[in-house]
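# Observations on the model geometry
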Amino acid sequence: MESVAGTVTHDPPPAGGRQGGPLIVTEDTELLDDLLRLCAAAGATPEVHHGVPERRGSWEAAPLVLVGDDAARRVRGAVRRRGVVLVGRDQDDSGVWRRAVEIGAEHVLMLPDGEQWLVDRIADVAEGVGRPALTVGVIGGRGGAGASTLACALAVTSAREGLRTLLVDADPLGGGLDVLLGGETAEGLRWPAFASSRGRVGGGALEESLPELHSLRVLSWDRGDRIAVPPQAVRAVLAAARRRGGTVVVDLPRRIDDGVAEVLTQLDVGVLVVPAELRAVAAAGRVASAVGMVLRDLRVAVRGPYPPGLDDREVARLLGLPLVGEVPDEPGLSRPDAGMAPPGAAPRGPLARFCREFWERALVEAGAA
C-alpha cells in the first residue's frame, strides 16, 4: 500500500480490451463531484454507489474501485480484491491508514495532490492498457542514407502482418512521411495540432484523429511553418501511441534536440541506417555517439553497394554496434511516378522480406510474439 501525491508510475492492469469506467463508492457529494470530474477528464463513465453494490459481481468485476474515506466502514466486509483506492482529503488524518488496511486498499490517495495520478489510472483502465507497443526508431548515419524509406517499409510491413501500427515522423525538415506514403492530402491531424498537449493524451482519440494510409496510422508534419513541438507534447503523444499496443515506428532526424531526446527515451530499439562508405561510417559514428547517450539498444543496418574491403559486418565492427543486416534495394522506389506504391508494399519484394524478418526477431526478443 502506498500514499499518492502527484504523478506516480504504476503497473498497468492486464490486457483484454476496453474495460469501462471505475466503481465509485461514496456519499460525500463534494468528493463525488471531484471524482466525476476526474473520470470525465480521463474519458471514463463510472458506476456510483453509496456502499458495496447489491448487484452480484459489480464489486469484483470493476477494473478500479475508488472508495471515499467516508465509505470505508461500509465496504469493510467486501471481498478482498486488487485495484482498490481509498480517496480522502485530510492529509493529517493518521486513521486513514488503518481504514485502508481494513478494506484491503492498495493505495491511499489525497486530493487535490493526487489528481493527475488518478486521471492517469482511470484512463488506463478505461483504455484496457496491456503490453505497450514495440517502439522502433530509425535514423540515418548520414543525409540520404534511406532512413525514411526503411521506416516506412517497416511500418507498412507491420500493418500487413496484422499489427496495430503507427508511423511517426519526428523529422520536421524531412518533407513529410505522408508524402512518401502518397497521403499528403489525407484527412487527419498533423504534429502542429498537438503542440499544446500536456499531461495525458488519450490513445484511442489519438489513433482515430490521424490519417490512415495503407492500413496504418501516420503522424506527420503539415506544410506550415512550424518545425518544432515542445518536448512535453512529444512525450505525451508518443506515450499515448505506445499505450495502444502493436508497433510504433519513428523516423528520426540526425540532429538531437529536446524533442528527439524525449522520443529516444521511449524507444525499445534504434536502427542506424549506414551506407557502406567510409565517410558515411565516420558520420554515423558521431550520430551513434549522440544517440547512445540516451538509447541503450542501438543497432546498425547497412546499405550497399560495397567498396573493396568493406561489407556489412565490417561496418558494424567499426561502429561497435550489433548488425541488423543489409538493407536491400527495391527496384522502382526511386521512380517519381504518381501513385507509386510505398516502400515495402510488395509482399514478396526484398525490402518487405527484410522488414518481416526484422519484426519476427524483434517481437520474439520483446516477448510479444
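Residues numbered from 1 in each chain as written. Predicted model: local features only at pLDDT ≥ 70, side-chain atom pairs only at ≥ 80, totals over all residues. Heavy atoms only, no water.

For the pair helix α5 (residues 147-160) and helix α12 (residues 350-366), the least separation of the axes is 9 Å and the interaxial angle reads 70°. It follows from the interaxial angle that α5 and α12 lie roughly perpendicular. In this structure, α5 crosses over α12, and the sense of that crossing is right-handed. Across the interface between the two elements, Thr149, Leu150, Ala153, Leu154, Thr157, Ser158 and Arg160 from α5 touch Leu351, Ala352, Phe354, Cys355, Arg356, Phe358 and Trp359 from α12. Its residues assigned to classes, the contact of α5 with α12 comprises nine nonpolar, three polar and two charged. (Axes fitted to C-alpha atoms, helices over the stretch in contact; angles between N-to-C directions. Helix = DSSP H or I, 4+ residues; strand = E, 2+ residues; numbered from the N terminus. Parallel < 35°, antiparallel > 145°, perpendicular 65-115°, else oblique. Left-handed = near helix turned anticlockwise from the far one by under 90°. Contact = heavy atoms within 4.5 Å. Nonpolar A, V, L, I, M, F, W, Y, C, P; charged D, E, K, R; others polar.)

Moving on to the packing of aromatic side chains. For the coordinates displayed, the defined rule picks out two aromatic pairs. Taking the centre distance of 5.4 Å and the plane angle of 75° together, the rings of phenylalanine 358 and tryptophan 359 count as edge-to-face. Judged by relative accessible area, phenylalanine 358 falls into the buried class, the value being 3%. (Phe/Tyr/Trp six-rings, centres within 6.5 Å; stacked < 30°, edge-to-face > 60°. Buried < 20%, exposed > 50% of the residue type's maximum accessible area, 1.4 Å probe, protein only.)

This paragraph deals with empty space enclosed by the protein. In the structure shown here, the tally under the stated rule is one cavity of 30 Å³ or more. Here the largest cavity is characterised by a volume of approximately 80 Å³. Considering the residues around the largest cavity, the lining is formed by 13 residues, among which Arg164, Leu166, Glu207, Ala241 and Arg244 are closest to the centre. Residue assignment for the lining of the largest cavity shows that the elements contributing at least two residues are β8 (165-169), α7 (203-209) and β11 (247-252). Of all the elements, α7 adds the most residues to the lining of the largest cavity, at three residues. The residue inventory of the lining of the largest cavity, partitioned by class, reads five nonpolar, four polar and four charged. (1 Å grid on protein atoms, 1.4 Å probe; cavity = no way out; pocket = protein on both sides within 12 Å on 5 of 7 lines; lining within 4 Å. Points joined across faces, edges and corners; volume = space filled by probe spheres on them.)

This part takes up the packing of helix α10 (residues 278-291) against helix α11 (residues 312-319). Following both chains from N to C, one finds α10 and α11 inclined at 40°, their axes separated by 10 Å at the closest point. On the basis of the axis angle, α10 is oblique to α11. Here α10 and α11 pass one another in a crossing that is right-handed. Within the contact between the two elements, α10 uses Val281, Ala284 and Gly285 and α11 uses Val315, Leu318 and Leu319. Residue classes in the contact of α10 with α11 are distributed as five nonpolar, one polar and no charged.

Our next topic: the nonpolar core. Counting residues in hydrophobic clusters, the biggest one holds 45 residues, and the most contacted among them are Val250, Leu252, Leu272, Val274 and Leu319. Mapped onto this core, the elements with two or more residues apiece are β8, α8 (231-243), β11, α9 (258-265), β12 (269-275), α10, β13 (298-303) and α11. Broken down by element, the residue count for this core peaks at seven residues, all from α8. When near neighbours in sequence (up to four residues on either side) are disregarded, leucine 272 contacts Ile139, Gly140, Gly141, Ala284, Val287, Ala288, Leu298, Arg299, Val300, Ala301, Leu319 and Leu321. (Core = buried A, V, L, I, M, F, W, Y, C linked by side-chain atoms within 4.5 Å.)

Summed over all chains, the structure comprises 24 salt bridges. Close ionic contact of arginine 98 with glutamate 102 constitutes a salt bridge, the shortest N to O distance being 3.2 Å. Residue arginine 98 and its partner glutamate 102 are both found in helix α3 (residues 95-103); the two are separated by four residues, about one turn of the helix. Accessibility expressed as a relative area gives 48% for arginine 98, which makes it partly exposed. Here aspartate 268 and arginine 242 are joined by a salt bridge, their closest N and O atoms 3.3 Å apart. Taken together, the positions of aspartate 268 in the loop between α9 and β12 and arginine 242 in helix α8 put the pair 26 residues apart, joining distant regions of the chain. Since its relative accessible area comes to 17%, arginine 242 is described here as buried. (Salt bridge = Lys/Arg side-chain N within 4 Å of Asp/Glu carboxyl O.)

What follows deals with unusual backbone geometry. With an omega dihedral of 10°, the bond running from leucine 111 to proline 112 counts as a cis peptide bond. Locating proline 112 in the fold gives a position in the loop between β6 (107-110) and α4 (115-127). Residue histidine 214 is not a glycine yet carries a positive backbone phi of 55°. Here histidine 214 shows up in the loop between β9 (212-213) and β10 (216-219). A positive phi angle, near 70°, is found at serine 215, a position not held by glycine. Note on placement: serine 215 falls in the loop between β9 and β10. The class for serine 215 is exposed, based on a relative accessible area of 57%.

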